[in-house]
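Letter by letter, the chains look like this.
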Amino acid sequence: MALFKRKDPRLQFVTAVEKVLRRLGVTEPIEFDEDLFALRLSGERTIMLGNLFGRWQSLSKADASAYLDTAVAGLIAEADQPKTFAEAKGRLLPGVRDRATIESTRWMAELGGSAPVAVPYQQLGAGILAVVVLDSPTTMMMINETHLEDWGVAFDEAFDAAVANLDEATDTARWGRVGDGTYLSMWNDDYDVSRILVPKVIDQLDLKGDPVAFVPHRNRVIITGADDLDGLEVAMGRTEEELDQPSQVSAIPLVRRDGVWGDLDLPAGHPAAPGLARLRAVDQSLAYGATTPLIQSVLGDEVFVANSILAERDDGVITSAATWIDAPCILPETDRVMFFRSQEENWLVAWDDVVATVGHLMTPTDFYPRRFRIEGFPTPDQLAAMPVISD
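Residues numbered from 1 in each chain as written. Predicted model: local features only at pLDDT ≥ 70, side-chain atom pairs only at ≥ 80, totals over all residues. Heavy atoms only, no water.

1. Some words on a negative patch on the surface
And then number 1: Judged by side-chain charge, Asp8, Glu34, Asp35, Asp301 and Glu302 come together as a negatively charged surface patch.
And then number 2: Within the secondary structure layout, aspartate 8 lies in the segment before α1 (9–23).
And then number 3: Overall, the relative accessible area of 37% leaves aspartate 8 in the partly exposed class. (Patch = residues over 30% accessible without salt bridge, like charges linked within 9 Å, V, L, I, M, F, W, Y side chains within 5 Å. Areas by Shrake-Rupley, 256 points an atom, 1.4 Å probe, with all protein chains shown as cover. Salt bridge = Lys/Arg side-chain N within 4 Å of Asp/Glu carboxyl O. Lys, Arg positive; Asp, Glu negative; His and termini not counted. Charge placed at Lys NZ, Arg CZ, Asp CG, Glu CD. Helix = DSSP H or I, 4+ residues; strand = E, 2+ residues; numbered from the N terminus. Buried < 20%, exposed > 50% of the residue type's maximum accessible area, 1.4 Å probe, protein only.)

2. Section: the sheet that holds strand β21 (residues 371–374)
And then number 1: Here we have four strands laid out as an open sheet, ordered β14-β17-β21-β20, and mixed in their pairing. Each edge of the open sheet is held by one strand with a lone partner, namely β14 (304–305) and β20 (362–364).
And then number 2: Note that strand β17 (residues 329–332) and β21 share four bridges and pair antiparallel. Considered in β21, the bridge of leucine 331 is made with phenylalanine 372.
And then number 3: Seen against the sheet, helix α11 (residues 351–358) touches β17, β20 and β21 and runs at an angle of roughly 105 degrees to β20. (Pairing = 2+ DSSP bridges. Contact = heavy atoms within 4.5 Å. Axes fitted to C-alpha atoms, helices over the stretch in contact; angles between N-to-C directions.)

3. Regarding the sheet that holds strand β19 (residues 346–350)
And then number 1: Strand order in the open sheet formed by four strands is β15-β16-β18-β19, with mixed pairing between adjacent strands. Taken across any chain shown, the strands that pair with only one partner, and hence form the sheet edges, are β15 (309–312) and β19. On average, adjacent strands in this sheet sit at an angle of 30 degrees to one another, irrespective of strand direction.
And then number 2: With four bridges connecting them, β15 and strand β16 (residues 318–325) associate as antiparallel partners. Among the inter-strand pairings, leucine 310 is bridged to a residue of β16, identified as serine 320.

4. Here's the deal with unusual backbone geometry
And then number 1: The omega torsion across tyrosine 368 and proline 369 is -10 degrees, close enough to zero to call that bond cis.
And then number 2: By secondary structure assignment, the location of proline 369 is in the loop between β20 and β21.
And then number 3: The backbone of aspartate 190 sits at a positive phi, close to 75 degrees, despite the residue not being glycine.
And then number 4: A residue is classified by how much of its surface remains accessible, and aspartate 190, at 17% relative accessible area, is buried.

5. Considering the environment of glutamine 382
And then number 1: Assignment of secondary structure puts glutamine 382 in helix α12 (residues 380–385).
And then number 2: Taking relative accessible area as the criterion, glutamine 382 reaches 19% and is therefore assigned buried.
And then number 3: In this structure, the C-alpha to C-alpha distance between glutamine 382 and isoleucine 222, residues 160 residues apart in sequence, is 47 Å.
And then number 4: Non-local contacts of glutamine 382, meaning those with residues more than four positions away in its chain, are made with Thr357, Val358 and His360.
And then number 5: Within the structure, glutamine 382 has its side chain in polar contact with the backbone nitrogen of threonine 379 (distance 2.8 Å). (Polar contact = N/O pair within 3.5 Å; in protein donor to acceptor, adjacent residues only side chain to side chain.)

Following this line, the structure appears as structure tokens:
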């Protein structure tokens, strides 16, 4: 038995943030939401801690303390917000975010008791969006519709200005190389992924086929060619390795065809198709995992919000599953569903069989990723009609 218990670094971090807030003059009550890993100030403002914690944990003790002081100060600063587009224009930069992050802003507003404000974006892939951010030394604030209305500009004008600023700031190629045709970004300034929007950054690379961009987190974009089988394999493996870094974006790669980015699709039988399917399964599970606590907080304890759980078979194939209980619940779309009454009474069933037999009990919601509201449990006859998976 250990004589001393190791302190939870997340709780140490929360304590450190609270101390910085108090030192900066915040006197209002501060409530820690463990499920969201967030701090609430007077119930009106919520500070999400995930990205801050990831960066703080990666630094030395001295650097972590200095980083936290400046980062928290930036989060609560209000006087630095520009009042006009002319004041803001030089600080605008493009940001690439996963759709779940954008959707979460709506739920965060509901939790804070305020009306949600839309964040405009340009779609790069089904789950990958380009937004405009107001950059400062310590924060990156996404621009929403209210900002644009106050400035009197359209999203396209602000977005073009943001891309032009990043283009101008990117005067040096910073690429590492893995193998013959796979490139790793080395800027490490929170805008690595955003540089896929600057054509000159990609056009200088020696690629086989159309550019394919893997965007695991903000500080890493991995580029290879669509016709480079070895490059795709290397990039897929490196992407999966880097998905545990702070500021995740997506596991799903994008491809640029005729100057337009979109999701990479591969035909059945393509050598890289199994790897792409694996990344899609991982990405979907990450998106569900990131949004489940928020949705649970919005709906309260009366409804069970099921998460997507991954399992890896011996052949490397990943499958997802979620639990359907005998009570009101919200169910993600997964490969399999576990109907659960008890440890002795549970049934694992393929998604298509679930929909075919008890789809009438499933009502689509507007949550992202796709989820269904469940208001019943299958009858014994319905359970008997669905083939049970034994593995």
